[in-house]
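Chain and residue survey
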Amino acid sequence: MSIIRNFLILFFTISSLHSQSFMVNVPARQQTSLNGKWKVIIDPVDVGIQKWKSLYKDKKPKGKSSFVEYSFDGGPVFDVPGDFNSQLPELKFYESTVWYKKEIQIVKKKDKRLFLYFDAVNYHADVYLNSELLGSHEGGFTPFQFEVTDLVKEGLNSIIVRVNNERQPDGVPAMGYDWINYGGITRDVRLIETPKIYIDDYFIQLEKSNKKHVLGYVKINGVKKPEKVEVLIPEAKIKHTVMTDNKGYAVVKFNNKLKLWSPDDPKLYKVIVKTATDKVEENIGFRTIETKGEDILLNGKSVFLKGINFHEENASRGNRAYSESDALQLLTKAKELGCNFIRTAHYPQNEHIVRLAEKMGFMLWEEMPVFQTIQFKNKSTSKLIHSTLKEMIKRDKNRCAVVIWSISNETHPGKLRTNFLSNLADTCRGIDNTRFVSSALHKYKKGKSVMTLDDDLIEKLDVIGLNQYLGWYGGWPADPKDIQWESKYNKPMIISEYGAEAMYGRHGAKDVASSWSEEYQEQLYKDQLTMQKNISFLRGTCAWILFDFRSSLRLHPTNQNYWNRKGLLSEKGYRKKAWYVLNDFYKSKKE
Ligand code: GCB
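Residues numbered from 1 in each chain as written. Predicted model: local features only at pLDDT ≥ 70, side-chain atom pairs only at ≥ 80, totals over all residues.

Of regular secondary structure, the protein possesses 7 helices and 35 strands. Here the protein has a C-alpha radius of gyration of 25 Å; the compact-globule value for 591 residues is 25 Å, and the two agree. Viewed in the frame of its principal axes, the protein has a C-alpha envelope of about 80 × 60 × 45 Å. Burial statistics for the protein: of 591 residues in total, 44% are counted as buried. (Helix = DSSP H or I, 4+ residues; strand = E, 2+ residues; numbered from the N terminus. Rg over C-alpha atoms; globule rule 2.2 N^0.38 Å. Buried ≥ 20, exposed ≤ 12 C-beta atoms within 10 Å, placed from the backbone.)

Rendered as structure tokens:
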């Protein structure tokens, strides 16, 4: 069975077409939402992809002696966007294939182009239009699109998507990760209409370390000769006009004293990008972020990042977060905690979160799903990591709130990994040098009371990220107030994770980890803050984690029951005692 399966996967990988690179700023585009109800077929052994089954053909019986052993009619209907795991009880931990189908009426327009655009599908998507394969996309947290201008029919069209979320050893992430592998069409789906020549991409941000100079580019799709492009910021009276080259590319650069974005004053300007045939607009902020020795400077001023981690999950519903109101719920709690910084662990989260975070005044650490056991030596994994990095940066590079691109989480030090991630850091800077490159590391030399940073990858990072669970995994090696941290790197460090599990409402001994009590977690936060006070190069912390979250790794029947209980809030949003410890600290800590 597995030989046949591997063959089929190979066959489809070779024969399938890839999705196209997507356009930026889709919320601003003329579009028809394809969200809503989609008919589905649950395919636990992935039989629908086999040639003799060809489920995407959506066959109907013809004549008296014919029958078909599947049908989209009469089966379940799922919400899109939405993970499939939470839409039927029997799919709670499901990791295989679900086929989705939606029919749409299309009126073709002569001067327009049409794109089928998926904000994200977890994990592997094969997309069919009227039973023909448009292409495939791998990776659960970034957008992809297909141009369908010449492929759609006048009238009724059918879209079928095979979604498979089976974890793969060579996938990104790979096998073991501490969250629910929510599969499905987890984010918005859109049919986007553009003019023949349209604005495909632009990068409009301040040049690195320069508070007055905007430096970027615009790319126009569909041009055969130079096109005029205007970048307008009406409030600042900016009208910048450039000509593209023959391929539609133009450098954008101008000087202006714009008011700078910061968490205290998250100023955004309406920016309009215009050509003879197309126009898009969105709110963009401007700021600088740089390091100076062990300091982080935002707009030239030293800043401490008061952070929290969260997953893209609505904990009270127990499913993937997908809407603006989900984003608001997460971000409101982070505000109440006193944060100015969020690590959107462990993958690029949806645009609702990123855009709203910027509006509400949070700096963001955005991370690649390169997690622990990733297979760096595998060629296809390497290719996928690089394409995901490009997709992440492409989508969010105009969000000034994003101050850190994190290239990985807790990968095991070694020559291969360090070389790979060093190259990835270079690639990342090559695409966007206006932000920090970081990584959440987890290996350091543990002495009795002296902890020493020691990971070759740090040489390649602007800011050190460190996950350390002193007091939880392995207990405290010494009294927290006596623990010293040493670094030879002369770089700022952010503690990207620390924490402990506690059941909301459970009370017990503050020095017994297995009590799973609020008191133990509360004491751990006090001890961590005592220890952290002595780290001279610490410029930010990111507690793990805002809400309790669902995880298939957490098996204890009474303490966990498939939940990771490290939340400062229970899944219902009730505050545990540790919340108040961190809240007091953030309130008293100057930025
Ligand atoms: C980690 C991981 C995170 C886990 C967390 C934990 O180091 O980065 O994904 O959820 O620890 O709770 O153990």
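Turning to the domain arrangement of the protein, a few remarks are in order. Looking at the assigned domains, one finds that the protein contains domain 1 (16-195), domain 2 (209-286) and domain 3 (291-588). The C-alpha-based centres of domain 1 and domain 3 are spaced at 32 Å. Counting residues at the interface gives 27 residues for domain 1, matched by 32 residues for domain 3. Grouping the constituent residues of the side of domain 1 that touches domain 3 by class yields 15 nonpolar, 6 polar and 6 charged. (Domains from an automatic or database assignment. Contact = placed C-beta atoms within 7 Å. Nonpolar A, V, L, I, M, F, W, Y, C, P; charged D, E, K, R; others polar.)

As a matter of local geometry, the ligand sits amid Asp178, His346, Asn409, Glu410, Asn467, Glu497, Trp544, Asn564 and Lys566. Residues of the shell around the ligand, tallied by class, amount to 1 nonpolar, 4 polar and 4 charged. (Near = placed C-beta within 6 Å.)

Okay, the UniProt feature "domain: Glycosyl hydrolases family 2 sugar binding" (unreviewed entry) in the protein next. In the numbering used here, UniProt assigns the "domain: Glycosyl hydrolases family 2 sugar binding" (unreviewed entry) feature to residues 33-195. Structurally, residues 33-195 comprises 0% helix and 39% strand, and the distance from its first C-alpha atom to its last is 18 Å. (UniProt positions renumbered as here; feature names shortened; annotations may be inferred.)

Our next topic: the environment of threonine 186. For threonine 186, the location among the structural elements is in the loop between strand S9 (155-164) and strand S10 (189-195). Note: C-alpha distance between threonine 186 and aspartate 43 (143 residues apart in sequence) is 18 Å. Those residues in contact with threonine 186, other than ones at most four positions away along the chain, are Pro81, Gly82, Asp83, Ala120, Val121, Asn122, Arg320 and Tyr322.

With that settled, consider the sheet that holds S10. Read across the open sheet, the 4 strands follow the order S1-S10-S5-S8; overall the sheet is antiparallel. The sheet is open, and its two borders are formed by strand S1 (31-33) and strand S8 (144-147), each paired with just one other strand. Neighbouring strand axes in the sheet, compared pairwise and without regard to direction, differ in orientation by 20 degrees on average. (Pairing = 2+ DSSP bridges. Axes fitted to C-alpha atoms, helices over the stretch in contact; angles between N-to-C directions.)

What follows is about helix H7 (residues 577-588). End to end, H7 covers 18 Å across 12 residues, agreeing with the expected 16 Å (1.5 Å per residue, within 8%). For H7, every residue scored as buried is listed here: Ala578, Trp579, Val581 and Leu582. An end-on view of H7 places all buried positions within 165 degrees of arc, on one side of the element. Opposite the packed face of H7, turned more than 90 degrees from it, sit the exposed residues Lys587 and Ser588. (Expected span 1.5 Å × (residues − 1). Arc of directions from axis to C-beta.)

Attention now goes to the sheet that holds strand S11 (residues 198-206). One open sheet holds the 3 strands; their spatial order is S11-S12-S15, and the pairing between them is antiparallel. The sheet is open, and its two edges are formed by S11 and strand S15 (249-255), each paired on a single side. Neighbour-to-neighbour, the strand axes of the sheet open up by a mean angle of 15 degrees, direction not taken into account. One ladder, built from 8 bridges, connects S11 with strand S12 (residues 213-221); its direction is antiparallel. Bridging from a neighbouring strand, glutamine 205 pairs with leucine 215 of S12.

Time to look at the nonpolar core. One finds Phe362 and Leu364 to be the most contacted residues of the largest nonpolar core, which totals 140 residues. Looking at this core element by element, the count peaks at 6 residues for S11. (Core = buried A, V, L, I, M, F, W, Y, C linked by C-beta atoms within 7 Å.)

Right, let's get into the environment of phenylalanine 115. Residue placement: phenylalanine 115 occurs in strand S5 (residues 112-118). For phenylalanine 115, a count of 21 C-beta atoms within 10 Å puts it in the buried group. Discounting residues that sit within four places of it in the chain, phenylalanine 115 has contacts with Gln145, Phe146, Glu147, Val148, Ile192 and Thr194.

Following valine 80, the chain continues into proline 81 via a peptide bond in cis, with omega recorded as 0 degrees. A cis geometry characterises the amide bond from asparagine 122 onward to tyrosine 123, with omega recorded as 15 degrees. As for its placement among the helices and strands, tyrosine 123 is situated in the loop between S5 and strand S6 (124-129). Despite not being glycine, asparagine 299 has its phi angle at roughly 50 degrees, a positive value. Within the fold, asparagine 299 resides in the loop between strand S19 (295-298) and strand S20 (301-302). Residue asparagine 299 is classed as partly exposed on the basis of its 15 C-beta neighbours within 10 Å. In this structure, glutamate 410 is a non-glycine residue whose phi angle is positive, near 50 degrees.

Attention now moves to the pairing of strand S14 (residues 238-243). The pairing of strand S13 (residues 228-233) with S14 spans 6 bridges and is antiparallel. Among the inter-strand pairings, glutamate 230 is bridged to a residue of S14, identified as threonine 241. The antiparallel pairing of S13 with S14 creates a hairpin that spans 4 residues between the two strands, and lysine 237 there sits at a positive phi of about 55 degrees.

This brings us to the packing of helix H2 (residues 324-337) against helix H3 (residues 351-360). Running from N to C, H2 and H3 cross one another at 40 degrees; their axes reach a closest spacing of 9 Å. When the axis of H2 is compared with that of H3, the two are oblique. The way H2 lies across H3 gives a crossing that is right-handed. Contact with H2, carried on its side by Glu324, Ala327, Leu328, Leu330, Leu331 and Lys335, involves His352, Ile353, Leu356, Ala357 and Met360 of H3 and no other residues of that element. (Parallel < 35°, antiparallel > 145°, perpendicular 65-115°, else oblique. Left-handed = near helix turned anticlockwise from the far one by under 90°.)

Moving on, we come to the environment of glutamine 521. As for its position among the elements, glutamine 521 is in helix H6 (residues 518-533). Exposure remark for glutamine 521: the 31 C-beta atoms within 10 Å place this residue in the buried category. As for glutamine 521 and lysine 576, which are separated by 55 residues in sequence, their C-alpha atoms are 8.6 Å apart. With near-sequence residues (within four places) excluded, glutamine 521 lies in contact with Ala500, Ala502, Lys576, Lys577 and Ala578.

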